[in-house]
Amino acid sequence: ASLGLIATYHVMSPQRGPVALVDYSVLPQPDPIGVPATQPGVSDEDMSPVIPKEFEDEVAHSQKLYKQLKRVLKRSESKETSVKVKVRNTEDYVNTEVLDIAKRVMDMNQKDSDKIKAIVPEQGPPGPPGPPGVDGNDGVDGPAGPPGSQGAKGISGEPGKPGNDGQRGAPGPQGHYGQAGPPGPPGVVGVGGTEGPAGPVGMPSDWKHTEFDCPEAATETMKMVHCNRMGCRLETYFAGRWGTVCGRNFGNQNAETLCKAFGFPAGGRAHTTYGEFTHHEKIWLTDVNCIGTEGDVGDCKHAPWGVAVKCHHTDDVGLCCYGSQFGELGVRVGPSDFDKCREADSDFARLTDCDYKACRVEVKHDNEWGTVCDRGFTDKTATVLCKSLGFKVGGVARRAGGGRGMIWLSDVSCDGKEANMEWCKRSPWGRADCDHSMDAGVCCIGEKSAAPPKAPGPVYECAGGKTTASSGSTRLVECTPTGCRLEVKHNDAWGTVCSSGFKDVNAKVVCRSLGLPGGKFIGNYGGKYHKQGFRNIWMSNVKCNGGESWVGSCRHDTWKENTCSHDEDVGICCERAWPKLK
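How each quantity is defined
- Residues numbered from 1 in each chain as written.
- Predicted model: local features only at pLDDT ≥ 70, side-chain atom pairs only at ≥ 80, totals over all residues.
- Heavy atoms only, no water.
- Helix = DSSP H or I, 4+ residues; strand = E, 2+ residues; numbered from the N terminus.
- Phe/Tyr/Trp six-rings, centres within 6.5 Å; stacked < 30°, edge-to-face > 60°.
- Lys NZ or Arg CZ within 6 Å of the ring centre and 35° of its normal.
- Patch = residues over 30% accessible without salt bridge, like charges linked within 9 Å, V, L, I, M, F, W, Y side chains within 5 Å.
- Areas by Shrake-Rupley, 256 points an atom, 1.4 Å probe, with all protein chains shown as cover.
- Salt bridge = Lys/Arg side-chain N within 4 Å of Asp/Glu carboxyl O.
- Polar contact = N/O pair within 3.5 Å; in protein donor to acceptor, adjacent residues only side chain to side chain.
- Expected span 1.5 Å × (residues − 1).
- Bend = angle between axes of the 7 residues up to and from the residue.
- Contact = heavy atoms within 4.5 Å.
- Buried < 20%, exposed > 50% of the residue type's maximum accessible area, 1.4 Å probe, protein only.
- Lys, Arg positive; Asp, Glu negative; His and termini not counted.
- Charge placed at Lys NZ, Arg CZ, Asp CG, Glu CD.
- Pairing = 2+ DSSP bridges.
- Disulfide = S-S within 2.5 Å.
- pLDDT = per-residue confidence, 0-100.

**As for unusual backbone geometry**
Point 1. A positive phi is found at His226, a non-glycine position, where the angle reads about 55 degrees.
Point 2. Following the sequence through the fold, His226 ends up in the loop between strand E4 (222-225) and strand E5 (232-238).

**Thoughts on the packing of aromatic side chains**
Point 1. The full count for this structure, using the stated rule, is six aromatic pairs.
Point 2. A centroid spacing of 5.3 Å and a plane angle of 55 degrees characterise the contact between Phe502 and Phe521, whose relative ring orientation is tilted. Of this pair, Phe502 sits in the loop between strand E20 (493-497) and helix H4 (504-513) while Phe521 sits in strand E21 (residues 519-524), and the two are 19 residues apart along the sequence.
Point 3. Taken together, the aromatic side chains of Phe238, Trp284 and Trp305 make up a single cluster linked through ring pairs.
Point 4. In this arrangement the basic side chain of Lys223 is found over the ring face of Trp242, its NZ or CZ atom lying 4.3 Å from the centre.

**Details of a nonpolar patch on the surface**
Point 1. A surface patch of nonpolar side chains, about 480 Å² in accessible area, is lined by Tyr93, Val94, Val98, Leu99, Ile101 and Val105.
Point 2. Here Leu99 lies in helix H1 (residues 53-118).

**What to know about the side chain of Glu294**
Point 1. Within the secondary structure, Glu294 is located in the loop between strand E8 (282-285) and strand E9 (318-321).
Point 2. A polar atom in the side chain of Glu294 sits 3.1 Å from the backbone nitrogen of Ile291.
Point 3. Among the polar contacts made by the side chain of Glu294, one reaches the main-chain amide nitrogen of Gly292 at a distance of 3.1 Å.

**Considering H1**
Point 1. Counted at 1.5 Å a residue, the expected span for H1 with its 66 residues is 98 Å, and the 93 Å between its end C-alpha atoms agrees.
Point 2. The largest bend in H1 comes to about 35 degrees, at Val94.

**Comments concerning the environment of Lys301**
Point 1. With respect to the secondary-structure elements, Lys301 resides in the loop between E8 and E9.
Point 2. What Lys301 contacts, discounting residues up to four positions off in sequence, is Asp287, Val288 and Asn289.

**Here's the deal with the side chain of Arg332**
Point 1. As for its placement among the helices and strands, Arg332 is situated in the loop between E9 and strand E10 (344-345).
Point 2. Judged by relative accessible area, which is 10%, Arg332 ranks as buried.
Point 3. A polar atom in the side chain of Arg332 sits 2.7 Å from the side chain of Thr236.
Point 4. Within the local environment of Arg332, its side chain forms a polar contact with the side chain of Asp296, the two groups lying 2.8 Å apart.
Point 5. Those residues in contact with Arg332 that lie beyond four places of it in its chain are Thr221, Thr236, Tyr237, Phe238, Asp296, Gly298, Asp299 and Trp305.

**Some thoughts on a positive patch on the surface**
Point 1. A grouping of Lys67, Lys70, Arg71, Arg75 and Lys79 is seen on the molecular surface, where their side chains present a positively charged patch.
Point 2. For Arg75, a relative accessible area of 49% puts it in the partly exposed group.

**Describing the pairing of E4**
Point 1. Of the strand pairs in this sheet, strand E3 (residues 217-218) and E4 are connected by two bridges, and their pairing is antiparallel. Among the inter-strand pairings, Ala217 is bridged to a residue of E4, identified as Met224.
Point 2. Joining the antiparallel neighbours E3 and E4 is a turn of three residues.
Point 3. Here E4 pairs with E5 via four bridges, running antiparallel. Bridge assignment links Lys223 to a residue of E5, and that residue is Glu235.

**A look at the state of the cysteines**
Point 1. The final tally for this structure, using the stated rule, is 13 disulfides.
Point 2. Between the sulfur of Cys214 and that of Cys320 lies a disulfide, 2.0 Å long from S to S. Because the sign of the S-S torsion sets the handedness, a value of about -95 degrees for the bond joining Cys214 and Cys320 places this disulfide among the left-handed ones. Pair noted here: Cys214 is in the loop between H1 and E3 and Cys320 is in strand E9, with a separation of 106 residues, a long-range link.
Point 3. Its relative accessible area of 1% is what places Cys320 among the buried residues.
Point 4. With its sulfur 1.9 Å from that of its partner, Cys414 forms a disulfide with Cys424. Between Cys414 and Cys424, the disulfide has an S-S torsion of 100 degrees and is therefore right-handed. Note that Cys414 is positioned in the loop between strand E15 (407-409) and strand E16 (440-445) and Cys424 in the loop between E15 and E16, a separation of 10 residues in sequence.
Point 5. Assessed through its relative accessible area of 6%, Cys414 is described here as buried.

**Concerning the confidence of the model for the protein chain**
Point 1. Averaged over all residues, the pLDDT of the protein chain equals 78, while 74% of them reach at least 70.
Point 2. Counting contacts from residues 198-209, a segment whose pLDDT is below 50, to residues more than four positions away or on other chains yields 12 contacts.
Point 3. Note on residues 577-582: pLDDT is under 50 here. Beyond four places in sequence and across chains, it has 17 contacts.

Here it is as structure tokens:
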């Protein structure tokens, strides 16, 4: 009989093992008659089924794919682990570095915000007017500007009128009388005498120096203050302030005269060491000598105002005036202030900020006013300056101080014959080693002409010279009465300077570097009038600003790069030592 066999094989999954069955259908049913010894797919011995080669190839291929898949999975797992590590590292970095950076950025932003808030807003210039808007909040005040310069001292005002007399104080308690002595024996009755001449006016019955203080009184320029039973301190008004009077040589003749000027016809007495109160007034007068007709202590003969040598406030004089005050008050005839020094000005110099001692001296240079140091400044120099400003007699030198800005000159020394202080021996402009506390002052004396005389310009006597500076060398050669050729040293070789663009300010720099006070550019120094240079032409288009210490420090073209000839060599004339007058 035919036999149907079903062969079932597991097909292996690369991941999970067998996942399917391979079914071989029932072998064909051969005819029972003439069955062959072996059937296809059946062994010839036990008739067991035989695995086809295609199946074995398929299995081998599946196993190969399985191994490849395992390798891929293994690599994938490794990469996954690496990715997890990187993710973890990234998270750590974010949690540490990035967040820390963010915190620092926030802190920096906060600090910048604080700084911005701390900035005081500045008010800019007003813009063009816009349409009317709603009133805004008040702006912040801008910073205070620098203090302005001090104005000139004003003229002293008229002294005020004296105030009304105050009420008289209540009398103090009367002291106890001593015990009466025993009565003496009656005297012998004398012979009646003739009537004598009338005595001086006595003090009124309502005033006794043992019971009341000396009376206070005042005029416009005198007053008696701080009164007691001994007297009142005498004060006088001058130059805008009250001051005392020294008791030296102050006699009762002065007291009589001044009490009458205070309105007490009966006169009074002096107390020459009255200064028992603490005060800081100036001692205005000493050695006062009145003749009896003066209406004020300032009109009596006295030492100069404010010159109270060897006097102290313990020597302040006091007065005690007698009787009632019913006389006419005295009036000062003489001055109540010092004569101030007079201001003056010219194109070169001016006297400013004057008081009774001096005016500050200021000079003009490079269109800027500046002061003069008083080092070496004498009365001869003051006289030259005052005469140049139109004062006929001259002047005296005194320290003024108080200036601002440049200090142009120092060590100015005139011999008295110069027509202008600028011609006197002096330091170079702007090289004064002083401060403004040393500013020079003068007080000019004598009548002043309506307009100061025009001073003639300086007469140049050209001088040759040579000096070596740290940055190079300069010299003047082939000098004549009209000028010298300028030469400079560069690369250890002397050469000339081209006159192209050369001006007087350059010449002044050259002369100052040579120790000479001034100079001027006289033009080309070549040609038929002077020996032409045969050296290098080192410089051209020189432009100095006036403050350089050497002409090589001024702006100029590159050394030796020029198209000049020696016909164009610079000639200058420096003043010989100090300029002389015509």
